Amino acid sequence: MSRKIVVIGSCNTDMVINMERLPLPGETLLGGKFFMNPGGKGANQAVAAARLGGKVTFIAKVGNDPFGIRSIDQYKAEGIGTKHVLIDKEQPSGVALILVDAYGENSIAVASGANAHLLPADIDHAQKTVEEGDILLMQLETPMETIEHAALMAKQAGRKVILNPAPAHPLPESLLRCLYMLIANETEAEYISGTQITDMDSVARAADIICNKGVENVVITLGAKGAFIKEKATYHQVPALKVKAVDATAAGDTFCGAVCVALAEGKGITEAVEFANRAAAITVTRMGAQSSLPYRREVEC
Ligand code: ADP
C-alpha cells in the first residue's frame, strides 16, 4: 500500500482580527484581537491528508519572506514532502487579511502573491512526483492553466485526478474529462451544473449534469446532511455524523484530504466518503482551519 498523494494548490497565511464591528471605509478602529493562522486550500488539504495517514507531497509556491519560510517548516513538521514547495524570489507569499465582527460577520481580502505564479513549467519540474502519486488532488486557488496541465499529466500516467472546485470558477471541459472525481459543496455543484439544489432529486440532477461533462464520479458535500455520491451509474447518500458544530472552517478541506487517503489505501468510494464524513465531523467541532484538522487515531476510534 503506497498511499502516495500529491496535492497541488495554494499556501496562504491568514491574518485575523476579531473586533466589535467591521470598520467603515476610511475608518480606523482600535481594540481588536489578532491571530495568525496557516491557511490556503491546498495547504489545508495537504495537512489533512498527512494527519490522516497519507504520504503527501505538496506542490506549491511561496515568497522569499518569513511567511513562506515558516509555512514550509510547518509542512515539514507535518511530515509532508516539500521538495516542490518553490520559493519565488519576486512575489510575496499569499496572505488573507480577515476581519471578523462580534456576530461572526467577516470581511476578507486575499493577495494571492506567489500562488498566482505557480506555472505549468513548475509542474514539469515535478513530473516524476506527479506521475508516481496514486492520487493527484487540486483546488482552484492556483492558475487554471497549471491545474489543467497537471491534470493531463497525471491522467496520462494512469493516475486518479481529484478536483475540489473551490472557489467556484468556470471549468474547461478538457479539465473535467481528466477527472476521476469531483468533490464539490452545494454552491460549487450548483455553479458547475447550472442547477439549483433544493432536495435530493436536484442533487442527483446536478451530479448527472457534471458527469455528463466527462467526470467519472461526483461527490457533493451537503454540510450537516453529509454527502451525496454518484459513482458511475449508482447514487448513494451518506449521512453526516451528529455533532455539536462550533466552526465549519476547513470541513470541506478535511473531507477532500480524507477521501484521497482512503482511496489511496484501496478503499471503495462509499467507504472513503464514510471515512471523510467522520473526519470532517471532527473538524466542525473545533475552532480554526489547520488547527482543527483531525489525526488518524481520532477518526478510527
Ligand atoms: P464546505 O466546508 O466546503 O462548504 P460542507 O459544508 O458541505 O463543505 O461540509 C463538508 C463536509 O463536512 C460534509 O460533507 C460533512 O461530512 C462535514 N460537515 C459539515 N458540517 C457538518 C455538521 N454540522 N455536522 C457534521 N458534519 C458536518
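Figured I'd write up the structure that's included with this text. Values in this document were obtained by computation on a predicted structure and should not be read as measured data.

Focus: the pattern of salt bridges
Any two side chains of opposite charge can pair, on the condition that their charged atoms come close.
Here's step 1: Summed over the entire model, instances satisfying the criterion amount to twelve salt bridges.
Here's step 2: One salt bridge connects Glu-300 with Arg-296, and the closest N-O pair in it is separated by 2.9 Å. Separated by four residues within a single helix, Glu-300 and Arg-296 lie in helix α11 (residues 296-300), roughly one turn from each other.
Here's step 3: Take Glu-300: its relative accessible area is 52%, and that puts it in the exposed class.
Here's step 4: The exposure class of Arg-296 is buried, given its relative accessible area of 18%.
Here's step 5: Taken together, the salt bridges that share partners define one network made up of Arg-3, Glu-265, Lys-267, Arg-296 and Glu-300.

Things to note about the site of the ligand
Here's step 1: As a structural note, the neighbourhood of the ligand is formed by 17 residues, with Asn-185, Thr-221, Gly-223, Gly-226 and Asn-277 the closest of them.
Here's step 2: Between an oxygen atom of the ligand and a side-chain N or O atom of Asn-185, the distance comes to 3.1 Å.
Here's step 3: Taking Gly-223, its main chain carries an N or O atom lying 2.8 Å from an oxygen atom of the ligand.
Here's step 4: In isolation the ligand has 560 Å² of accessible area, and contact with the protein removes 82% of it.
Here's step 5: Looking at the shell around the ligand, the elements with two or more residues in it are α9 (251-264) and α10 (269-283).
Here's step 6: Of the residues assigned to the shell around the ligand, the class counts are eleven nonpolar, six polar and no charged.

Overview of the environment of Arg-286
Here's step 1: Here Arg-286 shows up in the loop between α10 and α11.
Here's step 2: When its relative accessible area of 25% is taken as the criterion, Arg-286 is described as partly exposed.
Here's step 3: Spatially, the C-alpha atoms of Arg-286 and Gln-156 are 39 Å apart, while their sequence positions differ by 130 residues.
Here's step 4: If we ignore the near neighbours within four places in the chain, the residues touching Arg-286 are Val-246, Asp-247, Ser-292, Leu-293, Pro-294 and Glu-298.
Here's step 5: Polar contacts involving the side chain of Arg-286 include one to the main-chain carbonyl oxygen of Ser-292, which spans 3.4 Å.

Criteria and cut-off values
Residues numbered from 1 in each chain as written. Predicted model: local features only at pLDDT ≥ 70, side-chain atom pairs only at ≥ 80, totals over all residues. Heavy atoms only, no water. Salt bridge = Lys/Arg side-chain N within 4 Å of Asp/Glu carboxyl O. Helix = DSSP H or I, 4+ residues; strand = E, 2+ residues; numbered from the N terminus. Buried < 20%, exposed > 50% of the residue type's maximum accessible area, 1.4 Å probe, protein only. Near = heavy atom within 4 Å. Polar contact = N/O pair within 3.5 Å; in protein donor to acceptor, adjacent residues only side chain to side chain. Areas by Shrake-Rupley, 256 points an atom, 1.4 Å probe, with all protein chains shown as cover. Nonpolar A, V, L, I, M, F, W, Y, C, P; charged D, E, K, R; others polar. Contact = heavy atoms within 4.5 Å.

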